[in-house]
Amino acid sequence: MERLPGFRDFYPEPLPHTDVWSCDARQYIFEKWRTTAKRYGFREYDGPPLEPLDLFTTKSGGEIVGQLYNFKDKGDREVSLRPEMTPTLARMVAAHERNYKKPIKWFAIPQLFRYERQQKGRLREHFQFNADLVGETDPAADAELIALLIDTLRAFGLTAEDFVIRLSSRNAWQDFFKHGGGDTAHEYNFFQIIDKLERTAPEESEKKLAAMGFSRAAINAFIEQGEPTAELKYILNNLAARGLRDFVKIDYQVIRGLAYYTGVVFEAFDRKGEFRAIAGGGRYDNLVKLISGDKVNLPALGFGMGDVVLLELLKARGLLPKFDATTDVFVLVEDEALRPVSLKLVHDLRAAGYAVEYPLTPAKPDKQFKRAQDLKVAYTARMDSDSYVRIRNLKTREEVVAGVSDAANHLD
Ligand code: HAM
């Protein structure tokens, strides 16, 4: 039985094959995401992986809706695996926002599912770090969130030479579209063309733009000029005050594909342009209102960072640590008569917080020792009698004999 295309198997290191993924690397990434989010005062939340289909068809926009893993459940409900977290967050916030002081700062690490065409950096399932801030319209919130995005990537050892945040604004594009005589009904279509400029054949984009009354030359001039709006200027200054100015640039080529964005938008890319977007986000001031059926009106903004491109980038820059098994102590059982007291020792050391291994069944001493070495343990421990244990530090080769209740005091 093969796994489905675009889905992944995560194995412990060392990896048995090149087409499987590392569960250790995944854990490493999750841990950095969590600790950085917490440093910024974000709290963790989660929601269901399966949601009513409507939640995603309401306002995500055509592209993501075409990629849904949706079906009818046994109760005849139209449901879908979540392709993104933002609609779930909006639903959860709308339901209980009164219980939380504003601004609400929340993060999550959901597994998401999109039936995408498989390509480098894009799979049909990925984990995505989401950080969102709800209840604040001031661009200070945008700057705070972008600072978190930058610091999250820096936590992995990436620098301003490795990545850049391309900062843009849908407001700026809205003005451009309006002044160019665009019809508001087609605004989202126009945004979609801009979003795909870099990935579409020039003639094709040109034709579509011309049909809306825009020339590629005018678009290029607007992008090249890249004059920051007042809001963007504020964000640049705010980030400069933190010493983070080198990590951002104004780039109106970014506009984001999802329909719900309303203001500042941004994407993180590797500087060399080798990979797909590492992260993307922006303001979505109307989504909570829309999803709550006009009951709750809260401005919001956030970003999502996937694990796939991030891992590719960390690998390419040699920034992944070596993942070894993390057993501290191997308890040798050389005399089967001492197995019961050895089991007690194993149990006590584990209770004291050490990772402990031992032979489940009788085995020759040299085999046991070889296993301890393979596990790269720091110590072996062997019961000498019912009450004394011999502890050996494998690095220094020092050996001590201790009372069994005192064993943990002889370990680092
Ligand atoms: P998104 O741009 O669709 O935004 O996804 C954010 C990031 O998730 C991308 O930059 C990429 O790293 C990763 N990603 C997306 N699709 C895939 C895929 N098929 N395979 C691997 N990685 C992928 C959103 O999802 C927004 N909901 C983010 C957001 C949160 N906006 C506001 N709050």
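You'll find the structure just up there.
Since the structure is predicted, the reported quantities are computational estimates derived from the model, not experimental observations.

Draft legend 1. Representation of the pairing of strand β10 (residues 163-169) in the model. Where burial is concerned, most of β10 is hidden: 7 out of the 7 residues are buried. Burial along β10 is two-sided: the face carrying F163, I165, L167 and S169 and the face carrying V164, R166 and S168 are both buried. Relative to strand β12 (residues 264-270), β10 runs antiparallel, the two being bridged by 7 bridges. Opposite R166, over in β12, you have E267 as the bridge partner.

Draft legend 2. Quick look at the sheet that holds strand β5 (residues 70-72). In space, the 3 strands of this open sheet follow the order β4-β6-β5, with antiparallel pairing throughout. Every other strand in the sheet has two partners, leaving β4 (50-52) and β5 as the edge strands with one partner each. Averaged over neighbouring strand pairs, the angle between their axes works out to 35 degrees when direction is ignored. Sheet topology places β5 next to strand β6 (residues 78-81); 3 bridges connect them, and they run antiparallel.

Draft legend 3. Inspection of unusual backbone geometry at higher detail. That bond from E13 to P14 is cis: its omega, -5 degrees, falls within 30 degrees of zero. The step from K102 to P103 runs through a cis peptide bond, and the omega angle for that step is -5 degrees. Tracing the sequence through the fold places P103 in the loop between α4 (86-96) and β7 (104-108). Even without being a glycine, R256 presents a positive backbone phi close to 75 degrees. Among the residues examined, R256 registers a relative accessible area of 11% and is labelled buried.

Draft legend 4. Just the sheet that holds strand β15 (residues 329-332), in detail. Overall, mixed pairing links the 5 strands, which are arranged β16-β15-β17-β18-β19 in an open sheet. Of all the strands in the sheet, the pair left with one neighbour each is β16 (356-357) and β19 (399-403). With 5 bridges connecting them, strand β18 (residues 388-393) and β19 associate as antiparallel partners. Pairing of V389 across the sheet is with A402, part of β19. Where helix α13 (residues 339-351) meets the sheet, it contacts β15, β16, β17 (379-383) and β18, and its direction lies at approximately 170 degrees from that of β15. Contacts from helix α14 (residues 365-374) reach β15, β16, β17 and β18 within the one sheet, and its direction differs from that of β15 by about 175 degrees.

Draft legend 5. The environment of G41, seen in detail. You can see G41 is positioned in the loop between α1 (23-39) and β3 (43-44). The class for G41 is partly exposed, based on a relative accessible area of 42%. Considering only alpha carbons, one finds G41 and Q118, 77 residues apart in sequence, at a separation of 36 Å.

Draft legend 6. The arrangement of the pairing of β7 in detail. Taken across its 5 residues, β7 has 5 buried, putting it largely inside the fold. The alternating pattern of β7 places I104, W106 and A108 and K105 and F107 on opposite faces, both of which are buried. With 2 bridges joining them, β3 and β7 adopt parallel strand pairing. Residue pairing for β7: R43 is matched across the bridge by W106. Both β7 and strand β9 (residues 125-134) contribute to a ladder of 5 bridges, which runs antiparallel. The residue of β9 that forms the bridge with I104 is V134.

Here is what the cut-offs are and how they apply
Residues numbered from 1 in each chain as written. Predicted model: local features only at pLDDT ≥ 70, side-chain atom pairs only at ≥ 80, totals over all residues. Heavy atoms only, no water. Buried < 20%, exposed > 50% of the residue type's maximum accessible area, 1.4 Å probe, protein only. Helix = DSSP H or I, 4+ residues; strand = E, 2+ residues; numbered from the N terminus. Pairing = 2+ DSSP bridges. Axes fitted to C-alpha atoms, helices over the stretch in contact; angles between N-to-C directions. Contact = heavy atoms within 4.5 Å.

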